[in-house]
Amino acid sequence: PAHVPLFLIGLGFFLAGLCAFSYAFSVNPISLSAATSALPVVYAAVVFNLLRPTVPAELRSPVFAFAAIIAALLLLAFSRQPEGLSPLSSWRCASAGAVLFTATSTILGYDRFVGTVPHAKRIFMVSYYLAQYLITMSTKGAQARQLSKALGSVENFQKGQNFRHEIS
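Counting from 1, residues in each chain are numbered in the order their sequence is written. Side-chain atom pairs in this predicted model are given and counted only at pLDDT of 80 or more, local residue features only at pLDDT of at least 70, and totals for whole chains, interfaces and linings cover all residues. In computing side-chain properties, one takes all heavy atoms of the structure into account and sets aside hydrogens as well as water.

K.L.:
I tried to follow the confidence of the model for the protein on my own but got confused; where do I start?
P.N.:
It should be kept in mind that the predicted coordinates are not to be read in detail where pLDDT is low. Values of pLDDT, which run from 0 to 100, indicate the predictor's confidence residue by residue. For the protein, the average pLDDT comes to 79, and 81% of its residues sit at 70 or higher. Note on definitions: a residue-residue contact is assigned when non-hydrogen atoms from the two residues lie within 4.5 Å. Here residues 150-168 is modelled with pLDDT under 50, and outside its nearest four sequence neighbours on either side it reaches 24 contacts, counting other chains as well.

Below you can see the structure in the form of structure tokens.
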């Protein structure tokens, strides 16, 4: 259909923004656990199964890539261990913002591919901007980190250490 290229362009811009947020979350030390990993994995599986029958074949790959990026954003938001003046407040704002982005995207995808959601555009606009606000507020009081400290040193990487990502 003629609208597919425009949809893909819009989806590409959303993906770029989500990748930027994911990167920003990943510069803090990450602590992965079964608890923080379960929700994003379950979310991606549910969205995949919900949308699979109704997403046109030419859009499946980009839509499912989007769901995977959203799941990664959730995982990074829940797993990050921010440093600075108020790390708990930073974590809460980032996590709430990521959850709102997830809800926004899920509502939009459901409305577009499965069935009508009453007031979907209004819900989308309010939750989208609130999510951005919360993610922005997660940086308040955060301690600036040098990229080498965020990712770990080359020496650590050569020794097999995993970029300060800790798996518990």
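Next, the rest of the story.
K.L.:
I'm lost on helix H4 (residues 87-113) in this one. Help?
P.N.:
An α-helical turn contains 3.6 residues, so any two residues separated by three or four positions project in the same direction. Its 27 residues place the ends of H4 38 Å apart at the C-alpha level, agreeing with the 39 Å of an ideal helix rising 1.5 Å per residue. Every buried residue belonging to H4 is among Ser90, Cys93, Ala94, Ser95, Gly97, Ala98, Phe101, Thr102, Thr104, Ser105, Gly109 and Phe113, and all of these are buried. Numbering of helices and strands starts at the N terminus; helices are DSSP runs of H or I of at least 4 residues and strands are runs of E of at least 2. Contact partners of the buried residues in H4: helix H1 (4-26), helix H2 (34-51), helix H3 (57-79) and helix H5 (120-137). A helix is expected to span 1.5 Å for every residue after the first. In this scheme, a residue with accessible area under 20% of its type's maximum is buried, one over 50% is exposed, and one in between is partly exposed, where area comes from a 1.4 Å probe on protein chains only.

K.L.:
Looking at this structure, I do not really get the packing of H1 against H5. What am I missing?
P.N.:
For any two helices packed against each other, one specifies the crossing angle of their axes together with the interaxial distance. Here H1 crosses H5 at 30°, and the two axes come no closer than 12 Å. Between H1 and H5, the angle falls in the class roughly parallel. You can see that H1 and H5 cross each other, and the crossing is left-handed. Of the residues in H5, those touching H1 at Phe14, Phe21 and Phe25 are Phe124, Tyr128, Gln132 and Ile135. Its residues placed into classes, the contact of H1 with H5 shows six nonpolar, one polar and no charged. Axis definition: a line fit to C-alpha positions, over the contact stretch in the case of helices; interaxial angles, taken between N-to-C directions, run 0 to 180 degrees. Oblique is the label for any angle not under 35 degrees, not over 145, and not in the 65 to 115 range, which are roughly parallel, roughly antiparallel and roughly perpendicular in turn. Helix crossings are classified by the rotation of the near helix relative to the far one: an anticlockwise turn of less than a right angle makes the crossing left-handed, while a clockwise turn makes it right-handed. Each residue gets one of three labels, nonpolar for Ala, Val, Leu, Ile, Met, Phe, Trp, Tyr, Cys and Pro, charged for Asp, Glu, Lys and Arg, and polar for the others, Gly among them.

K.L.:
Could you clarify how one ought to interpret the packing of aromatic side chains in this entry?
P.N.:
Ring geometry is summarised as follows: Phe, Tyr and Trp rings, the Trp one being its six-membered ring, pair when their centres sit within 6.5 Å, and such pairs are stacked at plane angles under 30 degrees, edge-to-face over 60 and tilted between the two. Overall, the coordinates contain nine aromatic pairs when judged by the stated rule. Ring geometry for Phe21 against Phe101: centres 5.5 Å apart, planes inclined by 50°, an arrangement best described as tilted. Within this pair, whereas Phe21 is found in helix H1, its partner Phe101 is found in helix H4, the two being separated by 80 residues in sequence. Of the two residues, Phe21 and Phe101, neither departs from the other in class, the shared state being buried. With centroids separated by 5.4 Å and ring planes inclined at 15°, the aromatic side chains of Phe124 and Tyr128 adopt a geometry described as stacked. Of the two residues, Phe124 and Tyr128 are both situated in helix H5; the distance of four residues between them amounts to about one turn of the helix.

K.L.:
What exactly am I supposed to notice about the environment of Leu130 here?
P.N.:
Within the element layout of this structure, Leu130 appears in helix H5. The exposure class assigned to Leu130 is partly exposed, which follows from its relative accessible area of 40%. A C-alpha to C-alpha distance of 9.4 Å links Leu130 and Ala96, two positions 34 residues apart in sequence.

K.L.:
Even after reading the chapter, I still don't get the layout of surface pockets, so can you show me in this structure?
P.N.:
Summary: where empty space remains is shown by rolling a probe the size of a single water molecule over the atoms. Approximately 350 Å³ is the volume attributed to the largest pocket. The rule is simple: put a 1 Å grid over the protein atoms alone, call a set of points where a 1.4 Å probe fits but cannot get out a cavity, call an open set with protein on both sides within 12 Å along at least five of seven lines a pocket, and count a residue as lining if it has an atom within 4 Å of a point. What lines the largest pocket is a set of 20 residues, among which Leu11, Phe66, Ser105, Leu108 and Gly109 lie closest to the centre. Partitioned by chemical class, the residues of the lining of the largest pocket number 14 nonpolar, five polar and one charged. Grid points are joined across faces, edges and corners, and a volume is the space filled by probe spheres set on the points.

K.L.:
When you look at the nonpolar core in this model, what are you seeing that I'm missing?
P.N.:
Across soluble globular proteins, nonpolar side chains show a tendency to be buried alongside one another. As used here, the term nonpolar core means buried Ala, Val, Leu, Ile, Met, Phe, Trp, Tyr and Cys residues forming a set that is joined through side-chain atoms within 4.5 Å. Counting 32 residues, the largest nonpolar core has Phe25, Leu51, Leu59, Val63, Leu73, Phe101 and Phe113 as the members making the most contacts within it. Taken together, the elements giving at least two residues each to this core come down to H1, H2, H3, H4 and H5. Broken down by element, the residue count for this core peaks at twelve residues, all from H3. Beyond its immediate chain neighbours, meaning those up to four positions away, Phe25 contacts Ile30, Leu73, Leu76, Ala77, Arg80, Ala94, Ile135 and Ser138.

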